[in-house]
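# Working through the structure, step by step
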Amino acid sequence: MAAIKVSKLPVDPGPAAWNSLLPPAEPARPLSGDVTADWLVIGAGFAGLAAARRLSQLCPTDRVVVLEARRVAEGPAGRNSGFMIDLPHDLSSADYGGALEADKSLTADNRHAIRFATQMATDFGLGPDVFCQSGKVNAAATDKGDRHNRDHAVHLSAMGEDHTWLDRTDMCALTGTDYYCSGLYTAGTAMIQPAAFVRGVARGLASNRVQIFENSPVTALNRTGNWTATTPGGSVIAPKVILAVNGHLNSFGYLKNRLMHVFTYASMTRPLTAQESASLGGQAVWGLTPADPMGTTVRRVQAPGGDRIIVRNRFTFDPTLEVSDRRIARVARDHDRAFRARFPMLPEVRMHYRWGGRLCLSRNNVSVVRVLDDGLYVACCQNGLGTARGTLSGILAAELATGTRSERLDRALAAPDPIRLPPDVLAKPAANAFLRWQEHKAGAEL
Ligand SMILES: Cc1cc2nc3c(=O)[nH]c(=O)nc-3n(C[C@H](O)[C@H](O)[C@H](O)COP(=O)(O)OP(=O)(O)OC[C@H]3O[C@@H](n4cnc5c(N)ncnc54)[C@H](O)[C@@H]3O)c2cc1C
């Protein structure tokens, strides 16, 4: 018999901007009363939705229920920058790269996830404005960033990966700004409108017999034979459960002191006027990751309602899984500074939305796909790259739970657990001072 009392529910700081750009969703349907199911998935982010999709493929006649604490797309899955990256992108390394063979297998795994997401986009009628494998550019603004890019290019060549070098003129033609001295284009990243993507997938799943209950936080999970998940409005009884709550795995009592809870932040401009778009120049749609992992991610999109620019930067360590509005206001200064430095030709453009969101990292950069207990499986810890890694871990958790073995699953099961955090990492001020120092060293890449 297992009895889990959930210690904390998700709180998402600031608006989910990408979701706000979309037409309002249908009213939420929280769980009401008691239902039984063959499968329960907890969490409707990338991992939970991929798990539900894979279950519906593997067990087409089974009843799959998903419980989500918030509205779909209001959590981290709907508030990220939308880079579904195929290549190694270890946020904790100096230049994203790692050991050659490990990086090749990671890339193959990410591509498996991207193919799965591509198929969902096709099956559920999501257009290129929602999901488009257009690639991305790793952009350098400094000599150091340029060296990172050159090292990265050598690493990619050793992996047998195609890439295109962009010089300052190419970067200016792409982005309209002369801020960047070089860029490394790779074609395999899918660029998504994250909120439209997860809402579209949830809608598609619902038409495939998967029931998704929003605003239905699981507050307790007990096993007496079957599992019973309790929510404020009712409960779900199921023999098998997949936990897809990323860092909130700690709130269910698992992997204490092994997961690092980090927030990152973004701001999105108001729509540019036609005149501002013209004075910026460059191409209408592009996405840049920073050559230094601590730097600023920038996207230009033609979102509903117009031409907008989104910047993302800063990482803060917040083991309580929550941040204050004051933090968003402080980080806003870094966003505005990054925006002004890159786009001096847009002096009047102000930010329309500012927000933050949770990441869950492990010190050894591993995700967790495991059996936790009889009939209880996990797909968590996406190391800040959950659009691809979350999708992969959701697929693999569903395969594990249904006894569908593969080399890919065996590799995931053979991965070590997240290593225990030393006391100095757990100490919030020390960890934040370290992050601040790394950001300072990133210089103009930030
Ligand atoms: C500003 C920002 C930019 C980012 N940019 C990128 C990017 O460009 N590319 C990339 O790959 N990643 C990016 N990320 C990270 C990415 O969003 C996450 O890694 C990803 O969302 C993790 O997916 P997940 O499904 O594992 O978890 P989540 O998306 O966090 O989903 C877990 C869900 O579980 C729900 N939940 C938690 N507890 C309960 C409970 N008790 N009951 C029911 N439901 C519960 C939550 O509400 C949540 O919706 C970014 C994140 C942020 C904040």
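Heads up: these notes are all about the structure in this document. None of these values were measured; they are calculated from a predicted model.

Rules of the game
- Each residue is numbered by its place in its chain's sequence as written, counting from 1.
- pLDDT decides what is reported in this predicted model: residues at 70 or higher carry local features, side-chain atom pairs at 80 or more are listed and counted, and totals for whole chains, interfaces and linings draw on all residues regardless.
- To get the side-chain values, all heavy atoms of the structure are used, and hydrogens and water are removed first.
- Helix and strand labels come from DSSP, where a helix needs a run of H or I of at least four residues and a strand needs a run of E of at least two; each type is numbered from the N terminus.
- In this setup the radius of gyration rests on C-alpha atoms only. A globule is expected at 2.2 Å times the number of residues raised to 0.38.
- Exposure categories follow from relative accessible area, calculated using a 1.4 Å probe and restricted to protein chains: below 20% of the type maximum is buried, above 50% is exposed, and the middle band is partly exposed.
- Contact between two residues is taken to exist if any of their heavy atoms lie within 4.5 Å; hydrogens are not considered.
- The Shrake-Rupley method, run with a 1.4 Å probe, gives the accessible areas here. Residue values count only the displayed protein chains as cover.
- Residues grouped as a nonpolar core are buried Ala, Val, Leu, Ile, Met, Phe, Trp, Tyr and Cys residues, joined through side-chain atoms within 4.5 Å.
- The salt bridge criterion pairs a side-chain nitrogen of Lys or Arg with a carboxyl oxygen of Asp or Glu, the two atoms within 4 Å.
- Here a strand pair is declared whenever DSSP counts at least two bridges between the two strands.
- Between N-to-C directions, angles span 0 to 180 degrees; the directions come from axes that are lines fitted to C-alpha atoms, helices contributing only their stretch in contact.
- Near, as used in this document, describes a residue that has one of its heavy atoms within 4 Å of the molecule or strand being considered.
- We define a polar contact as two N or O atoms separated by no more than 3.5 Å, with the added condition that, inside protein, one atom must be a possible hydrogen donor and the other a possible acceptor, whereas residues neighbouring each other in sequence contribute only through side-chain atom pairs.
- Charged means Asp, Glu, Lys or Arg here, nonpolar means Ala, Val, Leu, Ile, Met, Phe, Trp, Tyr, Cys or Pro, and polar covers whatever is left, Gly included.
- In what follows, roughly perpendicular refers to angles from 65 to 115 degrees, roughly parallel to angles under 35, roughly antiparallel to angles over 145, and oblique to any angle outside these ranges.
- Pairing of aromatic rings covers Phe, Tyr and Trp, the last through its six-membered ring, and needs centres within 6.5 Å; plane angles under 30 degrees mean stacked, over 60 mean edge-to-face, and all others mean tilted.

With that out of the way, let us pick up the overall build of the protein chain. Scanning the protein chain from N- to C-terminus turns up twelve helices and 22 strands. Relative to the globule expectation of 22 Å for 446 residues, the C-alpha radius of gyration of the protein chain, 21 Å, shows essentially globular dimensions. With the C-alpha coordinates of the protein chain rotated into their principal frame, the extents come out at 65 × 45 × 40 Å. Looking at the protein chain as a whole, 59% of its 446 residues qualify as buried. Residue pairs in contact within the protein chain that sit at least 24 positions apart in sequence constitute 78% of those at least 6 positions apart. Total accessible area on the protein chain is roughly 17,400 Å²; 54% of this is exposed by carbon and sulfur atoms.

The next subject is the nonpolar core. Phe 131, Phe 197 and Ile 242 are the most contacted members of the largest nonpolar core, which has 64 residues in total. Among the elements that line this core, the one with the most residues is helix H9 (residues 386-401), at eight residues. Not counting residues up to four positions away in its chain, the partners in contact with Ile 242 are Leu 40, Val 41, Ile 42, Ala 51, Leu 55, Tyr 377, Ala 397, Ala 398 and Ala 401. The next biggest cluster of nonpolar side chains, apart from the first, holds 31 residues, and it includes Val 65, Ala 238, Val 245 and Tyr 254.

Considering all chains together, one arrives at 26 salt bridges under this definition. With a closest N to O distance of 4.0 Å, Asp 292 and Lys 144 form a salt bridge. On the criterion of sequence distance, the pair formed by Asp 292 in the loop between strand S17 (286-290) and strand S18 (297-303) and Lys 144 in helix H4 (residues 143-159) is long-range, its members being 148 residues apart. For Asp 292, a relative accessible area of 8% corresponds to the buried category. The class of Lys 144 is partly exposed, set by a relative accessible area of 34%. We note a salt bridge from Arg 270 to Glu 276, for which the minimum N-O separation is 2.9 Å. The class for Arg 270 is partly exposed, based on a relative accessible area of 24%. The class of Glu 276 is buried, set by a relative accessible area of 12%. Three or more residues are tied together by salt bridges with common partners; here these are Asp 12, Arg 70, Glu 74 and Arg 358.

Let us look at the sheet that holds strand S15 (residues 240-243). Consider a sheet: its strands pair through backbone hydrogen bonds, and that pairing is either parallel or antiparallel. One open sheet accounts for six strands, arranged S11-S4-S3-S15-S22-S21; its pairing is mixed. Both edges of this open sheet fall to strand S11 (210-213) and strand S21 (368-373), since each of them pairs with a single strand only. For this sheet, the mean angle separating the axes of adjacent strands, direction not counted, is 20°. As defined by bridge partners, strand S3 (residues 39-42) adjoins S15 across four bridges and the pair is classed as parallel. By the bridge assignment, Trp 39 is partnered in S15 with Lys 240.

This part covers the site of the ligand. Close to the ligand lie 34 residues, the nearest being Phe 46, Glu 68, Phe 83, Gly 386 and Thr 387. Between the ligand and the protein, one listed contact pairs an oxygen atom with a side-chain N or O atom of Asn 80 at 3.4 Å. Gly 384 places a main-chain nitrogen or oxygen 3.2 Å from a nitrogen atom of the ligand. If you list the elements that add at least two residues to the shell around the ligand, you get helix H2 (46-58), strand S20 (351-361) and H9. Looking at side-chain class alone, the shell around the ligand contains 17 nonpolar, 13 polar and four charged residues.

Further remarks concern the sheet that holds strand S2 (residues 33-36). A sheet is described by the order of its strands in space; here five strands give the open sequence S1-S12-S13-S14-S2, paired in mixed fashion. Looking along the sheet, the strands with just one partner apiece sit at the ends: strand S1 (2-5) and S2. Averaged over all pairs of adjacent strands, the angle between strand axes in this sheet comes to 15°, irrespective of strand direction.

The next subject is the packing of H9 against helix H10 (residues 407-414). Close contact between H9 and H10 brings their axes to 10 Å; oriented N to C, the two are set at 100°. The orientation of H9 relative to H10 falls into the category roughly perpendicular. Listed contacts from H10 to Leu 392, Leu 396, Glu 399 and Leu 400 of H9 are Arg 408, Leu 409, Ala 412 and Leu 413. Broken down by class, the residue content of the contact of H9 with H10 amounts to six nonpolar, no polar and two charged.

Residues Val 64 and Val 66 point to one face of strand S4 (residues 64-67) and Val 65 and Leu 67 to the other, with burial holding for every one of them. Looking at chain direction, S3 and S4 are connected through four bridges and run parallel. Counterpart to Val 41 in the pairing with S4 is Val 66. Bridge count between S4 and S11: four bridges; the pairing is parallel.

On to the packing of aromatic side chains. Going through the model one piece at a time under the given rule, you end up with five aromatic pairs. One aromatic cluster in this structure is built from Phe 46, Phe 131 and Phe 197.

Functional significance is not addressed by these values, which are geometric in nature.
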